[in-house]
Amino acid sequence: MKYFTGSSNVLATLLGLGQTKIDPEILTTAMAAAGIIQGGLFMFTPNLSRKMWGIQDDSIYTLAHLEYVGASILSMGVTCFCLFVLKLEETHKTVGWTLVVWAVENSLALLKQYPAKAGGDPTLQILWLFLMLETIRACFMSAAYTYPHAVMAIYSLAALNGILAAVKPRLSANMYGYREVELNDDQLSTLRCFGYESLAMSVFILGLLNDIQAHTALGLTSMVITAHCAHALVGKVFNATYGNFGSLLFYLWMIFHASYAANLLATKEVGYFMGGVIAIVTTLKLPFLFEYPQIAEEELLSKNSWWWKEVHMGI
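Quick caveat, the model's predicted, so the values are computed rather than measured. (Residues numbered from 1 in each chain as written. Predicted model: local features only at pLDDT ≥ 70, side-chain atom pairs only at ≥ 80, totals over all residues. Heavy atoms only, no water.)

A.B. asks: Which residues make up the side chain of Thr28, and what are the values?
C.D. replies: Relative to the assigned elements, Thr28 resides in helix α2 (residues 24-44). The buried category is assigned to Thr28, whose relative accessible area is 0%. Engagement of the side chain of Thr28 in a polar contact is seen with the backbone oxygen of Glu25, the distance being 3.1 Å. (Helix = DSSP H or I, 4+ residues; strand = E, 2+ residues; numbered from the N terminus. Buried < 20%, exposed > 50% of the residue type's maximum accessible area, 1.4 Å probe, protein only. Polar contact = N/O pair within 3.5 Å; in protein donor to acceptor, adjacent residues only side chain to side chain.)

Pasting the structure below:
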């Protein structure tokens, strides 16, 4: 009984529903560290990250998009570091350093000829790089008129680009010139990951630009990443074979961000909602021991499935 009571208290604290509250300073510092470490691993060692998460495909396309995922996560870590650790008061400088991460990644991708080698067209990526460089110039020169409009424009476009990649990855790939490339499940799933992470980073920056309190903006960002992890774990459209360890990492990352969303937004409604997401994903995922491919309706209903036989036939 003490075990269950203790577990319930821990869960309540994680979801911001208990009497004990987590210090926001601890949360934001941990987010900065986690973003820089995880983002750096993805961006600079994509093949190692691919193996860690159990992704089977080792094509140039998958490795390139793992780098893009890393740039999104690293830029979030850099933003948190500037805002909450260094406590920079000039938002334009924080945004500038965030965009430097993206400019570096886009430059490296073009120098490595990722689009051409993967069968795509570099035109849009070159346009993104020019937009980033111009916005970085505006940020660090404190251009009063250019800065807010340029940042609002680039992150609004990034948000739309992220939504498209998360919801319609094939259409997104076609936009970037991969019309003749038949993408496999691993490649599509990696592109979806990039879409979600790009959207999350855009929500963070757009929140800051619209004078939303920094902790609240970060909480909204964590809600997007929680949705990403939940989708990856139980969505039919995520068909990549991440394996046990990769699935477990997704599950822990989901709990991490659900806790952040609940504590930083600090409302009971968000806490209960995040708890509900965790409960649903846990219920759906545990019978499959975190194995991919994801739960499909026919598998859940099939009397030939191993779990049906285990439960109903006792074998």
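A.B. asks: Talk me through the pattern of salt bridges; I want residue IDs and the actual numbers.
C.D. replies: Pairing is possible between side chains that carry opposite charge, provided their charged atoms lie close to one another. Counted according to the given criterion, the structure contains 4 salt bridges. The partner of Lys112 in a salt bridge is Glu67, and the shortest N-O contact between them spans 3.3 Å. With Lys112 in the loop between α5 (91-111) and α6 (114-117) and Glu67 in helix α4 (residues 60-85), the pair connects residues that are 45 residues apart, well separated along the chain. (Salt bridge = Lys/Arg side-chain N within 4 Å of Asp/Glu carboxyl O.)

A.B. asks: So what's going on with helix α10 (residues 185-209)? Residues and values would help.
C.D. replies: Between its terminal C-alpha atoms α10 stretches 36 Å, which fits the 36 Å expected from 25 residues at 1.5 Å a residue. Taking burial as the measure, the 25 residues of α10 include 23 buried ones, the bulk of the element. Of the residues flanking the start of α10, the one acting as N-cap is Asn184, its side-chain oxygen 3.1 Å from the backbone nitrogen of Asp186. Immediately downstream of α10, the backbone of Asp211 shows phi near 65 degrees, a positive value. (Expected span 1.5 Å × (residues − 1).)

A.B. asks: Any details on the state of the cysteines? Residues and values, ideally.
C.D. replies: Enumeration over the complete set of coordinates arrives at 0 disulfides. No disulfide involves Cys80; its sulfur sits 9.5 Å from that of Cys82, the nearest cysteine. With no disulfide of its own, Cys229 has Cys193 as its nearest cysteine by sulfur position, at a separation of 8.5 Å. Residue classification places Cys229 among the buried positions, given a relative accessible area of 0%. (Disulfide = S-S within 2.5 Å.)

A.B. asks: Before we move on, can you summarise the confidence of the model for the protein with the specific residues and values?
C.D. replies: Of the residues in the protein, 80% reach a pLDDT of 70 or more, and the chain-wide mean stands at 82. A low-confidence stretch, residues 292-315 stays under pLDDT 50, and its non-local contacts, those more than four residues away or across chains, total 42 contacts. (pLDDT = per-residue confidence, 0-100. Contact = heavy atoms within 4.5 Å.)

A.B. asks: Now, about the nonpolar core: what can you tell me, with residues and values included?
C.D. replies: Within the largest apolar cluster, 85 residues are counted, with the highest numbers of intra-cluster contacts made by Tyr155, Phe204, Ile205 and Met254. Tallying contributions element by element places α4 first for this core, with 14 residues. Excluding residues within four positions of it along the chain, Phe204 makes contact with Met76, Thr79, Cys80, Leu83, Phe84, Ala214, Ala217, Leu218 and Thr221. (Core = buried A, V, L, I, M, F, W, Y, C linked by side-chain atoms within 4.5 Å.)

A.B. asks: Describe unusual backbone geometry, listing the residues and the values that go with them.
C.D. replies: For residues that are not glycine, phi is negative in most cases, and the peptide bond is trans in most cases. One non-glycine residue, Asp211, lies in positive phi territory at about 65 degrees. Note on placement: Asp211 falls in the loop between α10 and α11 (214-234). Although it is not a glycine, Ala266 sits at a positive phi angle of roughly 55 degrees. Take Ala266: it is sitting in the loop between α12 (243-265) and α13 (268-285). Note on Ala266: relative accessible area 59%, which makes it exposed.

A.B. asks: Kindly report on α13, identifying the contributing residues and their values.
C.D. replies: Taking 1.5 Å of rise per residue, 18 residues should cover 26 Å, and α13 covers 25 Å from first to last C-alpha, within 8% of that figure. All of the buried residues in α13 are Val270, Gly271, Met274, Gly275, Val277, Ile278, Val281, Thr282 and Lys285. Looking down the long axis of α13, one finds its buried residues gathered within 155 degrees of arc, a one-sided arrangement. Of the exposed residues in α13, the ones pointing more than 90 degrees away from its buried face are Lys268, Glu269, Tyr272, Ile280 and Thr283. (Arc of directions from axis to C-beta.)

A.B. asks: How would you summarise the packing of α4 against α5 if you had to cite specific residues and measurements?
C.D. replies: In a packed pair of helices, the relevant descriptors are the angle between the two axes and the axis-to-axis distance. Two elements in contact, α4 and α5, have axes whose closest approach is 8 Å; the angle formed by their N-to-C orientations is 160 degrees. What the angle tells us is that α4 and α5 run roughly antiparallel. Crossing geometry of α4 relative to α5 is assigned as right-handed. Packed against α4, whose contacting residues are Glu67, Tyr68, Ala71, Ser72, Leu74, Ser75, Val78, Thr79, Cys82 and Leu83, the element α5 presents Thr94, Trp97, Thr98, Val101, Trp102, Glu105 and Ala109 at the interface. Class assignment for the residues of the contact of α4 with α5 results in 10 nonpolar, 5 polar and 2 charged. (Axes fitted to C-alpha atoms, helices over the stretch in contact; angles between N-to-C directions. Parallel < 35°, antiparallel > 145°, perpendicular 65-115°, else oblique. Left-handed = near helix turned anticlockwise from the far one by under 90°. Nonpolar A, V, L, I, M, F, W, Y, C, P; charged D, E, K, R; others polar.)

A.B. asks: So what about the packing of aromatic side chains? Which residues, and what values?
C.D. replies: Tallying each qualifying case throughout the model produces 8 aromatic pairs. For the pair Trp53 and Phe250, a centre-to-centre distance of 5.0 Å together with 75 degrees between the ring planes defines the contact as edge-to-face. Here the residue Trp53 occupies a position in the loop between α3 (46-52) and α4, and Phe250 occupies one in helix α12, the gap between them amounting to 197 residues. Each member of the pair Trp53 and Phe250 is classed as buried. When the ring of Trp253 is compared with that of Phe256, the centres are 5.0 Å apart and the planes differ by 5 degrees; the resulting orientation is stacked. With Trp253 and Phe256 both in helix α12 and 3 residues apart, this pair spans about one turn of that helix. Taking the relative accessible area as the measure of exposure, Phe256 reaches 23% and is therefore partly exposed. (Phe/Tyr/Trp six-rings, centres within 6.5 Å; stacked < 30°, edge-to-face > 60°.)

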